[in-house]
Amino acid sequence: MTITPRRIQKQVEILTSELIGFSLCNDQQFPSMTKIGRGKIEIGISGSSGISSLLRNIPYKTQYDEMLSSKTYNIKMIDGALLQLMYRFDKDVIAAHRLGFFPSPYLEEFQNKPNVYLEDEIYADIVMKNIIPFPFRFDYNSDNADNGMTHSASHLTLGQYKNCRIPVTSPLTPSIFIEFVLRNFYNTAFGMYSKKLTKFVETFSETMTSEERSIVYMCIP
């Protein structure tokens, strides 16, 4: 099944509504669809003023504060983490995406103390002081398809490190990205939220090169 811009937008809408239903999301901007040129469509964040702050060399707390105040996020999780899901298509073919997870630098992570967030958010900032907020992004850009290991077309960046680009076998759908976030950061012994998400069967085609497969990489199912 071809993954069109409309299907990506619909996935984000459905998954956002489900996170609200799980009480894991306490603010959201639903996805926008904008024509940005002949045959080019962007799935963005409604009302967002852009992601310029992410490109500047500023402290993470300042970056997070700017994203929060400008509402440059699709989903704000109950522990303050921000999720971004942005796509660009060219003639209904995926051209780029930016899928980011930005944990709050002020509150500790949900997985280590879920009852604190579900029952009383006020006390969330006094638990588990050993946690280090650790943002990550899955980026894809078809323009980098010929750059091999120097800049993989689809890659994972950990901690905003400039040259951290762990190759990924293909672009990610919203469903795969949000399932990854829930499984690793929000599932607990008593709440397997990732299993409650709607399952979307469509995936993007693999983009990984044989050269990239010769080093450590991440495989998208």
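Residues numbered from 1 in each chain as written. Predicted model: local features only at pLDDT ≥ 70, side-chain atom pairs only at ≥ 80, totals over all residues. Heavy atoms only, no water.

1. What about the overall build of the protein?
Working step 1: Along the protein, the regular secondary structure elements total 4 helices and 9 strands.
Working step 2: Along the protein, from the amino end to the carboxyl end, the secondary structure elements read α-β-β-β-α-β-β-β-α-β-β-β-α.
Working step 3: Relative to its 221 residues, the protein shows a buried fraction of 48%.
Working step 4: A separation threshold of at least 6 residues defines the contact pool for the protein, and within that pool the share at least 24 residues apart is 61%.
Working step 5: If you sum the accessible surface of the protein, you get close to 11,200 Å²; carbon and sulfur atoms cover 53% of it. (Helix = DSSP H or I, 4+ residues; strand = E, 2+ residues; numbered from the N terminus. Buried < 20%, exposed > 50% of the residue type's maximum accessible area, 1.4 Å probe, protein only. Contact = heavy atoms within 4.5 Å. Areas by Shrake-Rupley, 256 points an atom, 1.4 Å probe, with all protein chains shown as cover.)

2. Side note on helix α2 (residues 60–69)
Working step 1: Turning to α2, its buried residues number three or more, namely Tyr 60, Gln 63, Tyr 64 and Met 67. Take α2 and look down its axis: the buried residues cluster within an arc of 95°, on one side only.
Working step 2: Looking one or two residues past α2, Lys 71 carries a phi angle of roughly 55°, positive in sign. (Arc of directions from axis to C-beta.)

3. Some thoughts on the pattern of salt bridges
Working step 1: This model, assessed by the stated rule, comprises 7 salt bridges.
Working step 2: Among the salt bridges present, the one from Arg 7 reaches Glu 202, with a minimum N-O distance of 2.7 Å. Taken as a pair, Arg 7 in helix α1 (residues 5–21) and Glu 202 in the segment after α4 (174–185) lie far apart in primary sequence, 195 residues in all.
Working step 3: Linking Arg 213 and Glu 206 is a salt bridge whose minimum nitrogen-to-oxygen distance equals 2.4 Å.
Working step 4: The partly exposed category is assigned to Arg 213, whose relative accessible area is 37%. (Salt bridge = Lys/Arg side-chain N within 4 Å of Asp/Glu carboxyl O.)

4. So, the packing of aromatic side chains
Working step 1: Counted by the stated rule, this structure contains 12 aromatic pairs.
Working step 2: Ring centres 6.5 Å apart and planes at 50° place the aromatic pair Tyr 60 and Tyr 64 in the tilted group. Taken together, the residues span about one helical turn, with Tyr 60 and Tyr 64 both in helix α2 at a distance of 4 residues.
Working step 3: Look at Tyr 64 and you get buried, because its relative accessible area is 2%.
Working step 4: Here the aromatic rings of Phe 136 and Phe 185 are separated by 5.7 Å at their centres, their planes lie at 25°, and the arrangement is stacked. Of this pair, Phe 136 sits in strand β7 (residues 136–141) while Phe 185 sits in helix α4; the two residues are 49 residues apart in sequence, bridging distant segments of the chain.
Working step 5: When its relative accessible area of 3% is taken as the criterion, Phe 136 is described as buried.
Working step 6: Here the aromatic residues Phe 101, Phe 136, Phe 138, Phe 177, Phe 180 and Phe 185 are joined through ring pairs into a cluster of three or more. (Phe/Tyr/Trp six-rings, centres within 6.5 Å; stacked < 30°, edge-to-face > 60°.)

5. Overview of the environment of Thr 62
Working step 1: Looking at the element boundaries, Thr 62 is found in helix α2.
Working step 2: Sequence spacing of Thr 62 and Pro 105 is 43 residues, and the spatial spacing of their C-alpha atoms is 9.7 Å.

6. Some words on the side chain of Ser 194
Working step 1: Mapped onto the fold, Ser 194 is located in the segment after α4.
Working step 2: Note on Ser 194: relative accessible area 0%, which makes it buried.
Working step 3: A polar contact is formed between the side chain of Ser 194 and the side chain of Asn 187, at a distance of 2.8 Å.
Working step 4: Residue contacts for Ser 194: discarding those within four places in its chain leaves Glu 179, Leu 182, Arg 183, Asn 187 and Lys 199. (Polar contact = N/O pair within 3.5 Å; in protein donor to acceptor, adjacent residues only side chain to side chain.)

7. Let's talk about α4
Residues spaced three or four apart along an α-helix point in a common direction, a consequence of the helix completing one turn every 3.6 residues.
Working step 1: The end-to-end C-alpha distance of α4 is 16 Å, a good match for the 16 Å that 12 residues give at a rise of 1.5 Å each.
Working step 2: Where α4 is concerned, the buried positions are Pro 174, Ser 175, Ile 176, Phe 177, Ile 178, Glu 179, Val 181 and Leu 182.
Working step 3: On its buried side, α4 packs onto α1, β4 (75–77), β5 (82–90), β6 (93–102) and β7. (Expected span 1.5 Å × (residues − 1).)

8. Points about the side chain of Gln 84
Working step 1: Topologically, Gln 84 is positioned in strand β5.
Working step 2: What makes Gln 84 buried here is its relative accessible area of 0%.
Working step 3: In terms of polar contacts, Gln 84 uses its side chain to reach the backbone carbonyl oxygen of Thr 72, at 2.7 Å.

9. Focus on the confidence of the model for the protein
Working step 1: Mean pLDDT over the protein: 86, with 83% of residues reaching 70 or higher.
Working step 2: Low pLDDT (under 50) marks residues 121–126, which in the prediction has 10 contacts with non-local residues, meaning those over four places away or in another chain. (pLDDT = per-residue confidence, 0-100.)

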